[in-house]
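# Report on the structure
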Amino acid sequence: MELGLFSMSLAVSDLEASSAFYAKLGFEEMAGDGEHYLIMVNNGSVVGLFQDMFERNILTFNPGWRRPEDAAGDPPEDAFLDVREIAARLESEGLELTTKSIAGESGPGHIVVLDPDGNPVLIDQHR
């Protein structure tokens, strides 16, 4: 099942300090509001820094995004597996979605499923 671009969404307490740290590791700001969150990229690696938005770190997949550059704007219009189909497949496999925020037959939406150790896995579709 194609889940899209993978990134880590990190729950940070100080966005400025975290972005400065990741910049020293070679990450560059790509997107975000700079006040609550930033998306940073280093080559093919993507990390999202989220201040006071999440309780813990989250494994994140973005359907429709295939390259880090896609996070900066509208990704190409190629076909991709919609979050609604991903949700249906996961539920058919017996997985419980802890969050399901999808409406209509297309467009943005997200779901969250927990792995066996309680780590949240976010599938966050932006288009």
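Residues numbered from 1 in each chain as written. Predicted model: local features only at pLDDT ≥ 70, side-chain atom pairs only at ≥ 80, totals over all residues. Heavy atoms only, no water.

### Structural notes on the layout of surface pockets
- By volume, the largest pocket is sized at about 470 Å³.
- S9, F50, F54, L122 and D124 are, among the 26 residues lining the largest pocket, the residues nearest its centre.
- For the lining of the largest pocket, the elements supplying multiple residues, two or more each, are strand 1 (5-12), strand 3 (37-42), strand 4 (45-51), strand 5 (58-62), strand 7 (109-114) and strand 8 (120-125).
- With four residues, strand 4 is the largest single contributor of residues to the lining of the largest pocket.
- Partitioned by chemical class, the residues of the lining of the largest pocket number 15 nonpolar, eight polar and three charged. (1 Å grid on protein atoms, 1.4 Å probe; cavity = no way out; pocket = protein on both sides within 12 Å on 5 of 7 lines; lining within 4 Å. Points joined across faces, edges and corners; volume = space filled by probe spheres on them. Helix = DSSP H or I, 4+ residues; strand = E, 2+ residues; numbered from the N terminus. Nonpolar A, V, L, I, M, F, W, Y, C, P; charged D, E, K, R; others polar.)

### Digging into the sheet that holds strand 7
- One open sheet accounts for eight strands, arranged 2-3-4-1-5-8-7-6; its pairing is mixed. The open sheet is flanked by strand 2 (28-32) and strand 6 (97-102), the only strands paired with a single partner. Between one strand and the next, the sheet's axes are offset by a mean angle of 25 degrees, whatever the strand orientation.
- Its contacts with the sheet place helix 2 (residues 83-92) against strand 6, strand 7 and strand 8, and it is angled at close to 155 degrees to strand 6. (Pairing = 2+ DSSP bridges. Axes fitted to C-alpha atoms, helices over the stretch in contact; angles between N-to-C directions. Contact = heavy atoms within 4.5 Å.)

### Observations regarding the packing of aromatic side chains
- On inspection of all chains with the given rule, the structure shows five aromatic pairs.
- Ring geometry for F6 versus F61: centroids 5.2 Å apart, planes at 50 degrees, classification tilted. Residue F6 is found in strand 1, and its partner F61 is found in strand 5; the two are separated by 55 residues along the sequence.
- Judged by centre distance (5.7 Å) and plane angle (10 degrees), the ring pair of Y37 and F50 falls under stacked. Taken together, the residues Y37 in strand 3 and F50 in strand 4 connect sequence positions 13 residues apart.
- Residue class for F50 comes out buried when judged on its relative accessible area of 11%.
- Taken together, the ring pairs in this structure connect F21, Y22 and F27 into an aromatic cluster. (Phe/Tyr/Trp six-rings, centres within 6.5 Å; stacked < 30°, edge-to-face > 60°. Buried < 20%, exposed > 50% of the residue type's maximum accessible area, 1.4 Å probe, protein only.)

### Observations concerning the pairing of strand 6
- Of the pairings in the sheet, the one linking strand 6 to strand 7 comprises five bridges and is antiparallel in character. Across the sheet, the residue bridging to T99 is V112, located in strand 7.
- Adjacent in sequence and paired antiparallel, strand 6 and strand 7 are bridged by six residues, among which G104 carries a positive phi angle near 70 degrees.

### Describing the pattern of salt bridges
- One pass over the full model with this rule turns up three salt bridges.
- Of the charged contacts in the structure, one is a salt bridge between R84 and D82, with a shortest N-O distance of 2.8 Å.
- Exposure remark for D82: the relative accessible area of 17% places this residue in the buried category.
- Measuring nitrogen to oxygen at the nearest pair gives 2.9 Å for the salt bridge that ties E85 to R89. With E85 and R89 both in helix 2 and four residues apart, this pair spans about one turn of that helix.
- The partly exposed category is assigned to E85, whose relative accessible area is 34%.
- Its relative accessible area of 35% is what places R89 among the partly exposed residues. (Salt bridge = Lys/Arg side-chain N within 4 Å of Asp/Glu carboxyl O.)

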